[in-house]
Amino acid sequence: MSAINAPFQWKCHPQAEAILLSFLEHCCSANAFIANLQDDLYKHTSTRLFDWVDHFVIGYSEKIELELEKSGFVSEHATLSYRVFHHPGAQLPRVVIRDHDQPIVGVAISVESIADFLMVRGMAGDIEGFPLSSYRRCDVSTDNDITLWVVERRGTLTMEPTYPNDNYLDRYYEATEKWQTRPRNLEDEDEAMKGTLAIAEEMVELLNEDLAAWIVLKVERDYWQSKNTAGQIQKNRQDRLGMGWANHDHHTFRSSRRHFTQLVRLFEILGFHCRERFWAGSEAGWGAQVMENPRCRLVLFLDVDLAEHEIEIDFAHHPLPDKDQLGTIGLWCSLHGDSVLKAGMHHLEAQFMFDNLKNDLHHTGVGMMKPFSDFPYLKQAFTEGEVWHVGPRSLEKLLATGKITHEQAEKFKAYGAVGSHLENLQRREGYKGFNQKNVSFIIKETDPRKMFTSGA
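The structure presented is a predicted model; accordingly, all values stated were derived computationally and were not measured. (Residues numbered from 1 in each chain as written. Predicted model: local features only at pLDDT ≥ 70, side-chain atom pairs only at ≥ 80, totals over all residues. Heavy atoms only, no water.)

Re the sheet that holds strand β4 (residues 82-86)
Under the convention used in this document: For two strands to count as paired, DSSP must find a minimum of two bridges between them. Strands here are runs of E lasting at least two residues and helices are runs of H or I lasting at least four, both read from the DSSP assignment and numbered beginning at the N terminus. The angle between two axes is taken between their N-to-C directions and runs from 0 to 180 degrees, where each axis is a line fitted to C-alpha atoms and a helix contributes only its stretch in contact. Contact between two residues is taken to exist if any of their heavy atoms lie within 4.5 Å; hydrogens are not considered.
The seven strands lie next to each other as β3-β4-β5-β2-β6-β8-β7, forming an open sheet whose pairing is mixed. Taken across any chain shown, the strands that pair with only one partner, and hence form the sheet edges, are β3 (74-78) and β7 (135-143). Taken pair by pair, the neighbouring strands of this sheet meet at an average axis angle of 25°, ignoring direction. Sheet topology note: the strand β2 (residues 53-59)/strand β6 (residues 104-110) ladder contains five bridges and is antiparallel. Looking across to β6, one finds that Phe56 is bridged to Val107. Where helix α2 (residues 32-45) meets the sheet, its contacts fall on β6, β7 and β8 (146-153), and the angle it forms with β8 comes to roughly 55°.

Quick notes on unusual backbone geometry
Positive phi, close to 60°, is recorded for Ser46, a residue that is not glycine. One can find Ser46 in the loop between α2 and β2. One non-glycine residue, Asp145, adopts positive backbone phi at about 65°. Here Asp145 shows up in the loop between β7 and β8.

Topic: helix α14 (residues 406-415)
Inclusion rule: Each residue is placed in one exposure class: buried if its accessible area under a 1.4 Å probe, protein chains only, is under 20% of its type's maximum, exposed if it is over 50%, and partly exposed if it falls in between. Arc definition: directions from the helix axis to the C-beta atoms.
Those residues of α14 not exposed but buried are Ala409, Lys411 and Phe412. Buried residues of α14 fall within an arc of 165° about the axis and therefore sit on the same side. Of the residues in α14, the exposed ones pointing more than 90 degrees away from the buried face are His406, Glu407, Glu410, Lys413 and Ala414.

Quick notes on the nonpolar core
Counted only if it meets this: To form a nonpolar core, buried Ala, Val, Leu, Ile, Met, Phe, Trp, Tyr and Cys residues must be joined to one another through side-chain atoms within 4.5 Å.
Counting residues in each nonpolar core, the largest one holds 58 residues, and the members touching the most others are Ile215, Phe253, Leu266, Phe267, Leu270, Phe272 and Leu302. Secondary-structure elements contributing two or more residues to this core are α5 (168-180), α6 (189-206), α7 (209-225), α9 (260-269), β12 (298-305), α11 (339-343), β13 (347-351) and α12 (354-362). Leaving out residues up to four positions away in the same chain, Leu270 has contacts with Ala200, Val204, Glu209, Asp210, Ala212, Ala213, Val216 and Asn293. Membership of the second largest hydrophobic core comes to 39 residues, among which are Ile64, Leu68, Phe85 and Val111.

Some points on the packing of aromatic side chains
Just so we agree on the cut-off: Between 30 and 60 degrees the pair is tilted, below 30 it is stacked and above 60 it is edge-to-face, where a pair is any two Phe, Tyr or Trp rings, Trp via its six-membered ring, whose centres lie within 6.5 Å.
Across all of its chains, the model carries 14 aromatic pairs by this definition. Their ring planes at 55° and their centres at 5.3 Å tell us that Phe253 and Phe267 sit as a pair that is tilted. Linking Phe253 in strand β9 (residues 248-254) with Phe267 in helix α9, this pair joins segments that are 14 residues apart in sequence. Here the two residues Phe253 and Phe267 agree in accessibility, since each one is buried. Both rings, one in Phe278 and one in Phe301, keep their centres 5.6 Å apart while their planes meet at 20°; by these two values the pair is stacked. In this pair, Phe278 is assigned in strand β10 (residues 273-279) and Phe301 in strand β12, connecting sequence segments 23 residues apart. The burial state of Phe278 is the same as that of Phe301; both residues are buried. An aromatic cluster of three or more residues is present, and its members are Phe130, Tyr168, Tyr172 and Tyr173.

Some thoughts on the pattern of salt bridges
Close approach of charged atoms lets side chains of opposite charge pair. Filter applied, for reference: Just to be clear on terms, a salt bridge is a Lys or Arg side-chain nitrogen sitting within 4 Å of an Asp or Glu carboxyl oxygen.
Applying the stated criterion across every chain yields a total of 28 salt bridges. The shortest N-O distance in the salt bridge between Arg295 and Asp210 comes to 2.7 Å. Separated by 85 residues along the polypeptide, Arg295 in the loop between β11 (286-293) and β12 and Asp210 in helix α7 bring together distant segments of the chain. Judged by its relative accessible area of 31%, Arg295 is partly exposed. With its nearest N and O atoms 2.9 Å apart, the salt bridge here joins Asp222 to Lys218. One end of the pair is Asp222 and the other is Lys218, both in helix α7 and four residues apart, which spans about a single turn. Overall, the relative accessible area of 34% leaves Asp222 in the partly exposed class. Through salt bridges with shared partners, a single network forms among Arg275, Glu276, Glu292 and Lys432.

Structure representation (structure tokens):
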């Protein structure tokens, strides 16, 4: 498989990652709370502290600034007292450089709820920022002049706590409930998609596109998790340390060809832009559009059945006609519904210690499929699929259109069909891309028809 968009050829940036790892090592050596948190995350959540880091705070040093710039970091924002650096070609934490010469001031880590982080530890803390606002932070430990901040982000890159106006919570809850209670399972899917786009626009009007995007993906994670046992187990492990899903990497939605351009349009309303596109080859018969909202730090993988002659068109914006035969993605959607409607996401991918998660989830009864990426800089594998019931109406429609055989229909009726997964991912060296060679293998392995090849 090859990327269609040549400009998106992500590279590894080991030097940039090494600089930040040295910052974290210094923080752990000076502050016992940070060191203990690193150990707890490793033992109890199968994650490394570095993958939860939101940003580092350091004092001005010409040497360090030159090292950052040489490794690819650039200044993206400046205030009277600090500048913020980020690496545009890598998936790495930001660095805040303050106007003083104290070498390293501390590290900020992301969680879904600061209050949960404090509660599970029996701690008190002064949380800066309005409840549920775009950016909040709390100084939870300072030792040897090294501070650990815990931060919440909702669709912003600001480094200053936010205090919106008095009716903010009303608008926040109204927008959230609009998305939670939207009709996902209408008989008329065209009407359901039309309503979904309208609700997204209403949420943007109530808040802004970035905060609306954050809420949409938060709700979609909750909906996916309600139907995925592996996700429930791992979320519980992370919640016991008050972390939530702040280690999410990307969200994967499967779409019918009929609604794919509307799915892309939905996320464009929410401030996402199209990144690289993928084509899995004529045998695999599917493609994908990657989308990103960099202000939200949210990435999407949108999957769809795709014919070979369609790889040269902008299939994210060019309507795709129905096909006589269904590939892996199309069949999944026909059995369960489109991801953005009835089915929910196909999988959530979060960052873990790859081998640790495999072993730790094994002890809870959750198995892992064969890895489809196994590189020093990128490792990926799905948990074994969650099998979902298939409704009789879906089977009747597929039979009537000749998309499945009577034998397949009977087996889907009796045994259900694979629905969703949790994806185990490990990134290193700041690598921001995806596996462009072996991902078609795992897509074929998740085809609902595969569960019957052993004679089940």
